[in-house]
Amino acid sequence: IRRWVAQMHGGGRSGRGIALILSGWRGFYAWLGREGLVPSNPVQDVRAPKAPKPLPKALSVDDAVQLAEHHNAEADPWAEARDAAIVELLYGCGLRVGELVGLDMTGSNCVDLQAAEVHVLGKGSKRRSVPVGASALKALQGWLEVREQLADPGEPALFVSNRGTRLTPSQLRSRLKQRAIQAGVPTHVHPH
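Side chains of strand β2 (residues 117-121) alternate between two faces, with Val118 and Val120 buried and Glu117, His119 and Leu121 left unburied. Across 3 bridges, strand β1 (residues 110-112) lies against β2 in antiparallel orientation. Across the sheet, the residue bridging to Asp112 is Glu117, located in β2. Count of turn residues in the β1/β2 antiparallel hairpin: 4 residues, of which Ala116 carries a positive phi of about 55 degrees.

Set out below in structure tokens:
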């Protein structure tokens, strides 16, 4: 069976297609075993080759600029200010979604406006400091002016949802997708 899998893989069949075939054979041999027609399942420990995981497509420079410069006059002023600051930090500073939603107003994960840096806890619990550009600082200051109208008292998060609590990664992705559609960005936006 392993030789057969190797032949299929060598013949160009995808890892996902081979895994589907093996799954069917495993179920068939499990049934044969329950019926007492075979002593063991020869497919049980056979694994398919790993399927490649393609990287998401990056936005072109023009699309990123179009997304950053988009202004929705019909949106709530606080939502527009928040979303503009989010886009500037994600794309201007190269932050990951998890790093961005983990930012607080003060502490070790925060934006230092005077030093024009953002301090984040990244992958592998590694701390890093990233410079913040002038347009991102301007967008952040615009957000900070309206943040207090929305945030729950004592909420440490820099970016909050319309309920006043910390913005979740899924909420952030949803807002970013909606903003990209409004801005007319032709490709799917994949923040990292």
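Here the narrative resumes, following the displayed structure.
Through backbone hydrogen bonds, the strands of a sheet pair up, either in parallel or in antiparallel fashion. Spatially, β1-β2-β3 is the arrangement adopted by the 3 strands of the open sheet, whose pairing is antiparallel. Looking along the sheet, the strands with just one partner apiece sit at the ends: β1 and β3 (127-131). Across the sheet, the axes of successive neighbouring strands diverge by a mean angle of 25 degrees, strand direction being ignored. Two strands pair when backbone bridges link them, and β2 and β3 are joined in this way by 5 bridges, in the antiparallel orientation. The partner of Val118 across the bridge, within β3, is Val130.

One pass over the full model with this rule turns up 6 aromatic pairs. Judged by centre distance (6.1 Å) and plane angle (80 degrees), the ring pair of Trp4 and Trp25 falls under edge-to-face. Taken together, the residues Trp4 in helix α1 (residues 2-10) and Trp25 in helix α2 (residues 15-34) connect sequence positions 21 residues apart. Owing to a relative accessible area of 36%, Trp25 belongs among the partly exposed residues under this scheme. Their ring planes at 25 degrees and their centres at 6.3 Å tell us that Phe28 and Trp31 sit as a pair that is stacked. You can see Phe28 and its partner Trp31 sitting in helix α2, 3 residues apart, about one turn around the helix. On the accessibility criterion, Trp31 (40% relative accessible area) is partly exposed.

Calculation rules
- Residues numbered from 1 in each chain as written.
- Predicted model: local features only at pLDDT ≥ 70, side-chain atom pairs only at ≥ 80, totals over all residues.
- Heavy atoms only, no water.
- Buried < 20%, exposed > 50% of the residue type's maximum accessible area, 1.4 Å probe, protein only.
- Helix = DSSP H or I, 4+ residues; strand = E, 2+ residues; numbered from the N terminus.
- Pairing = 2+ DSSP bridges.
- Axes fitted to C-alpha atoms, helices over the stretch in contact; angles between N-to-C directions.
- Phe/Tyr/Trp six-rings, centres within 6.5 Å; stacked < 30°, edge-to-face > 60°.

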